[in-house]
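Okay, here's what each chain looks like letter by letter:
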Amino acid sequence: MGKSFHFHPIFCILIAILTTSYAQDCNTYTFSNNNVYATCVSLPALNSQLHWNYHPTNATVDVAYRQTGVSTSQWAAWALNVDGSGMVGAQALVALISSNGSVQAYTSSVTGYATGLQPSGLSFGVPRITAEMVNGDVVIYATLVLPGGRTSFNQVWQVGPVNGGSPAPHRMGSDNANLLGRVDFSTGETSADGGNVGGSRQRRRNTHGVLNAVSWGVMMPMGAMAARYLKVFKSANPAWFYIHVTCQASAYIVGVAGWATGLKLGSDSVGIKYNTHRNIGIALFALGTLQAFALLLRPKPENKYRFYWNIYHHATGYTVIILSIVNVFKGLDILDPEKQWKKAYIGILISLGVETLIFEAYTWFVVLKRKQDDDKIGHVSNGYTQSA
Ligand SMILES: *[C@@H]1O[C@H](CO)[C@@H](O)[C@H](O)[C@H]1NC(C)=O
Ligand SMILES: *[C@@H]1O[C@H](CO)[C@@H](O)[C@H](O)[C@H]1NC(C)=O
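Residues numbered from 1 in each chain as written. Chains lettered and ligands numbered in written order. Predicted model: local features only at pLDDT ≥ 70, side-chain atom pairs only at ≥ 80, totals over all residues. Heavy atoms only, no water.

(A) Seen up close, the layout of surface pockets. Roughly 1100 Å³ of internal volume is contained in the second largest pocket. What lines the second largest pocket is a set of 35 residues, and nearest its centre among them are Ala227, Trp240, His244, Trp309 and His313. If one sorts the elements of the lining of the second largest pocket by residue count, helix H5 (residues 306–335) sits on top with 9 residues. Tallied by class, the residues present in the lining of the second largest pocket amount to 20 nonpolar, 10 polar and 5 charged. (1 Å grid on protein atoms, 1.4 Å probe; cavity = no way out; pocket = protein on both sides within 12 Å on 5 of 7 lines; lining within 4 Å. Points joined across faces, edges and corners; volume = space filled by probe spheres on them. Helix = DSSP H or I, 4+ residues; strand = E, 2+ residues; numbered from the N terminus. Nonpolar A, V, L, I, M, F, W, Y, C, P; charged D, E, K, R; others polar.)

What follows is the structure, encoded as structure tokens:
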């Protein structure tokens, strides 16, 4: 039972890495040509991102459009629709990945739904366009001369298959429909006016939710279980201590990142304030930080104050776990995601609860058995002493 995989410290580190990589925003992406872009947005569907530098002096914008998870024989396109919205009228930058993996970049003005994305000039200047494929991502680099002194446009993006060397129509599944929204190159704001897609704010809310639900709501209870239930195995001493510290430290790091995204969301949200959720969040950060310091200030096991330190450490720890779970539910109510997220979290809690019951029973069994054995040994040695 002590070998239960989720008590391995690697597991905690793995969860931490996976969670933060989900939350990684586009700012951390490094382009192969080391170009640095001042602004970036994660587009709300198809895992694509738009990075750019806007030059007000000559009304140009250098863009890098990145579409992840593409393969050979696919096309990817990103477009501004200057006068309308959606696909018809889109002034597109196209990357065509042939079956041998070579990438061709060109512009295409879309005049109707039956487009084959043939190369053509755009209604505004594009002095430079190139594209490359890196690690399954295709990146289109281009310079656009923004028309009419405007900085705000409707945008569309799409991917599709390549057939016989030419772009073929894209799929019409929910992920491929309604990929449109607005982008403002000057303010960096994007919004989605295309039906079922969310904006970048929604994405930040989801990121906040995932970071905190995983760190405070799952990893910390697991770290506490590691301490309580591994300690009982003599062979797991002092391993349980390092497992506990590793798990709680990685949970704390992810948790602080999630906490910071929450503060930003709170300061950006006008009108509605979620005071209870916010206050519990601040209390959790304070208590979590206290626990981190408690680790550094803990008296040696034989110190007479260690007993009080243990009480304090356990009381704070259990408070953090209870408040965390309460706050994850409060957050889920605010975020109001699809029902399955709440169900998934409840499912995780139930499985942790069941494991807790089993481990608890097993721990008592081991402790009582050990006591019984000790008593027996005590009798034998007593008898021995008496007869000696
Ligand atoms: C526009 O101006 C920026 C600097 O302000 C410069 O780096 C860029 O090359 C210019 N672009 C064009 C197309 O002239
Ligand atoms: C790959 O395919 C493209 C067009 O299909 C062709 O122009 C190019 O020469 C090919 N490259 C190699 C390395 O075979």
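(B) Summary view of the site of ligand 2. Taken together, Ser98, Asn100 and Ser102 make up all the residues around ligand 2. Side-chain polar atom of Asn100 to an oxygen atom of ligand 2: 2.5 Å apart, as the coordinates give it. Considered on its own, ligand 2 offers 360 Å² of accessible surface; in the complex 23% of this is hidden by protein. (Near = heavy atom within 4 Å. Polar contact = N/O pair within 3.5 Å; in protein donor to acceptor, adjacent residues only side chain to side chain. Areas by Shrake-Rupley, 256 points an atom, 1.4 Å probe, with all protein chains shown as cover.)

(C) Just the site of ligand 1, in detail. Around ligand 1, a shell composed of His55, Thr57, Asn58 and Thr60 is seen. A distance of 2.4 Å is found between an oxygen atom of ligand 1 and a side-chain nitrogen or oxygen belonging to Asn58. Its free accessible area being 360 Å², ligand 1 has 42% of it covered by the protein chains. Here the shell around ligand 1 is composed, by residue class, of no nonpolar, 4 polar and no charged.

(D) Representation of the sheet that holds strand S3 (residues 60–67) in the model. Here 5 strands make up an open sheet; going across it, the order is S1-S2-S3-S8-S7 and the pairing antiparallel. Two strands in the sheet have a free side with no partner beyond their single neighbour: strand S1 (39–42) and strand S7 (128–134). Averaged over all pairs of adjacent strands, the angle between their axes in this sheet comes to 15 degrees, without regard to strand direction. One ladder, built from 4 bridges, connects S1 with strand S2 (residues 48–55); its direction is antiparallel. (Pairing = 2+ DSSP bridges. Axes fitted to C-alpha atoms, helices over the stretch in contact; angles between N-to-C directions.)

Read these as geometric descriptors, not functional statements.
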